[in-house]
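Read off the chains here:
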Amino acid sequence: QVQLVESGGGLVQPGGSLRLSCAASGFTFSNYVMSWYRQAPGKERELVAGITTTGGSTNYADSMKGRFTISRDNAKNTVYLQMNSLKPEDTAVYYCNAHYSNSYVTRDYWGQGTQVTVSS
């Protein structure tokens, strides 16, 4: 069955770094646009970053530009999010998303999320 399993979250001090991973299985990973979203308590889920199927193009939310880097390894069916210069406002549950669409079908898969807490 389809699985997206995030890992790498945890507690980090302001200014620190974390690298999130999302391991995919049960679908053709290289056909899917991959994204990271996050949701802080009391807030809506928001897009953090996205990457195209080949990794040739990426996009970031404005507040993450220059600090976060999304990448993927299609041979390992894994997408990564390198987060640097973390701030307390980056505290949230981070979710991995796989998206596919064509003229006939749209599919979205979500992971269970990994908690990132930025605090001194």
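Report follows, based on the coordinates. (Residues numbered from 1 in each chain as written. Predicted model: local features only at pLDDT ≥ 70, side-chain atom pairs only at ≥ 80, totals over all residues. Heavy atoms only, no water.)

Okay, the environment of Leu18 next. On the secondary structure map, Leu18 appears in strand E3 (residues 18–25). For the pair Leu18 and Tyr94, spaced 76 residues apart in sequence, the C-alpha separation works out to 12 Å. (Helix = DSSP H or I, 4+ residues; strand = E, 2+ residues; numbered from the N terminus.)

Among the nonpolar cores identified, the biggest contains 29 residues, and Met34, Trp36, Val79, Leu81, Met83 and Tyr94 are the most heavily contacted of them. Counting only elements with at least two residues in this core, the list comes to E3, strand E4 (33–39), strand E5 (46–51), strand E7 (68–73), strand E8 (78–83), strand E9 (92–101) and strand E11 (114–118). Residue contacts for Tyr94: discarding those within four places in its chain leaves Glu6, Leu20, Trp36, Tyr37, Arg38, Val48, Phe68, Leu81, Met83, Gly113, Thr114 and Val116. (Core = buried A, V, L, I, M, F, W, Y, C linked by side-chain atoms within 4.5 Å. Buried < 20%, exposed > 50% of the residue type's maximum accessible area, 1.4 Å probe, protein only. Contact = heavy atoms within 4.5 Å.)

Take the side chain of Arg67 next. Inspection of the secondary structure puts Arg67 in the loop between strand E6 (58–60) and E7. Of the residues examined, Arg67 reaches a relative accessible area of 10% and is grouped as buried. At 3.0 Å, the side chain of Arg67 and the backbone oxygen of Ser85 are in polar contact. What Arg67 contacts, discounting residues up to four positions off in sequence, is Gln82, Met83, Asn84, Ser85, Leu86, Lys87 and Asp90. (Polar contact = N/O pair within 3.5 Å; in protein donor to acceptor, adjacent residues only side chain to side chain.)

Below, the discussion takes up the environment of Tyr94. Note that Tyr94 resides in strand E9. Residues Tyr94 and Lys43, 51 residues apart in the sequence, show an inter-C-alpha distance of 13 Å. At a separation of 2.6 Å, a polar atom in the side chain of Tyr94 contacts the main-chain carbonyl oxygen of Asp90.

With that settled, the discussion passes to the packing of aromatic side chains. This structure, assessed with the given rule, holds five aromatic pairs. With a centroid separation of 4.6 Å and 65 degrees between ring planes, the pair formed by Phe27 and Tyr32 is classed as edge-to-face. A residue is classified by how much of its surface remains accessible, and Phe27, at 12% relative accessible area, is buried. Classification of Tyr32 by relative accessible area gives buried; the value is 4%. Ring pairs connect the aromatic residues Phe27, Tyr32, Tyr100 and Tyr109, which therefore count as one cluster. The ring centre of Trp110 lies 4.7 Å from the NZ or CZ of Arg45, which sits over that ring. (Phe/Tyr/Trp six-rings, centres within 6.5 Å; stacked < 30°, edge-to-face > 60°. Lys NZ or Arg CZ within 6 Å of the ring centre and 35° of its normal.)

All told, the structure shown has one disulfide when counted by the stated rule. Note on cysteine connectivity: Cys22 is disulfide-linked to Cys96, with sulfurs 2.2 Å apart. On the S-S bond that ties Cys22 to Cys96, the torsion sits near -80 degrees, and the link is left-handed. One end of the pair, Cys22, is in strand E3; the other, Cys96, is in strand E9, and 74 residues separate them in sequence. Judged by its relative accessible area of 0%, Cys22 is buried. (Disulfide = S-S within 2.5 Å.)

Turning our attention to the pattern of salt bridges. Close approach of charged atoms allows side chains of opposite charge to pair. Taken as a whole and judged by the stated rule, the model has four salt bridges. Ionic pairing is found between Asp62 and Lys65, a salt bridge with its closest N-O pair at 3.2 Å. Taken as a pair, Asp62 and Lys65 share a single burial class, namely exposed. Where Arg67 meets Asp90, a salt bridge forms, and the shortest distance between an N and an O atom there is 2.7 Å. Separated by 23 residues along the polypeptide, Arg67 in the loop between E6 and E7 and Asp90 in the loop between E8 and E9 bring together distant segments of the chain. Judged by relative accessible area, which is 0%, Asp90 ranks as buried. One salt-bridge network, in which partners are shared between bridges, spans Arg38, Glu46, Arg67 and Asp90. (Salt bridge = Lys/Arg side-chain N within 4 Å of Asp/Glu carboxyl O.)

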